[in-house]
Amino acid sequence: MVRLTLLLAALAVATASVAQSRKLTIVAHVPENSGKVYVTGDIPALGPWKPNAVLMAGDGTERRVTVDVEEGKDVFFVCTQGTWTRKGVDEQGVEQPAF
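Residues numbered from 1 in each chain as written. Predicted model: local features only at pLDDT ≥ 70, side-chain atom pairs only at ≥ 80, totals over all residues. Heavy atoms only, no water.

**Student:** Explain unusual backbone geometry to me, and be specific about the residues and the numbers.
**Tutor:** With an omega dihedral of -10°, the bond running from Gly-47 to Pro-48 counts as a cis peptide bond. With respect to the helices and strands, Pro-48 occurs in the loop between β3 (38–41) and β4 (54–55). Even without being glycine, Asn-33 reaches a positive phi, approximately 60°. Take Asn-33: it is sitting in the loop between β2 (21–29) and β3. Non-glycine residue Trp-49 carries a positive phi angle of around 55°. (Helix = DSSP H or I, 4+ residues; strand = E, 2+ residues; numbered from the N terminus.)

**Student:** Lay out the pairing of strand β5 (residues 62–70) in plain terms, naming residues and giving numbers.
**Tutor:** Every regular strand shows the same layout, with side chains that alternate between the two sheet faces. Of the two faces of β5, only one is covered, namely that formed by Arg-63, Val-65, Val-67 and Val-69; the face formed by Glu-62, Arg-64, Thr-66, Asp-68 and Glu-70 stays uncovered. The pairing of β2 with β5 spans nine bridges and is classified as antiparallel. Residue Ile-26 lies in a different strand from β5, and its bridge partner there is Val-65. (Buried < 20%, exposed > 50% of the residue type's maximum accessible area, 1.4 Å probe, protein only. Pairing = 2+ DSSP bridges.)

**Student:** How would you sum up the pattern of salt bridges? Please name residues and give values.
**Tutor:** Overall, the coordinates contain three salt bridges when judged by the stated rule. The partner of Arg-22 in a salt bridge is Glu-71, with the nearest N and O atoms 3.5 Å apart. Of this pair, Arg-22 sits in strand β2 while Glu-71 is found in the loop between β5 and β6 (77–80), placing the two residues 49 residues apart along the sequence. Asp-68 serves as the salt-bridge partner of Lys-23, at 2.9 Å between the closest nitrogen and oxygen. On the criterion of sequence distance, the pair formed by Lys-23 in strand β2 and Asp-68 in strand β5 is long-range, its members being 45 residues apart. The class for Asp-68 is partly exposed, based on a relative accessible area of 39%. (Salt bridge = Lys/Arg side-chain N within 4 Å of Asp/Glu carboxyl O.)

Structural data, given as structure tokens:
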């Protein structure tokens, strides 16, 4: 079983074109040959909470997705390989909670 190792960084960047929203970019660093990586979360743009909701772009060791988020909104998300049995783990193989 290939383990999906994630080191996540979420970057919120202000956008002038949408008055009360921000762009949220979620970046996942994964091992080579990880295949498709998805993200799901507690906002409509991320699923919500469907393990194969949003396919992240990229190949190699990096995947990313950018979504609009309401200004000041806390966002919780999880990266998967399309099912709840294939969630992201850390370097020690420990399953990660929602961020």
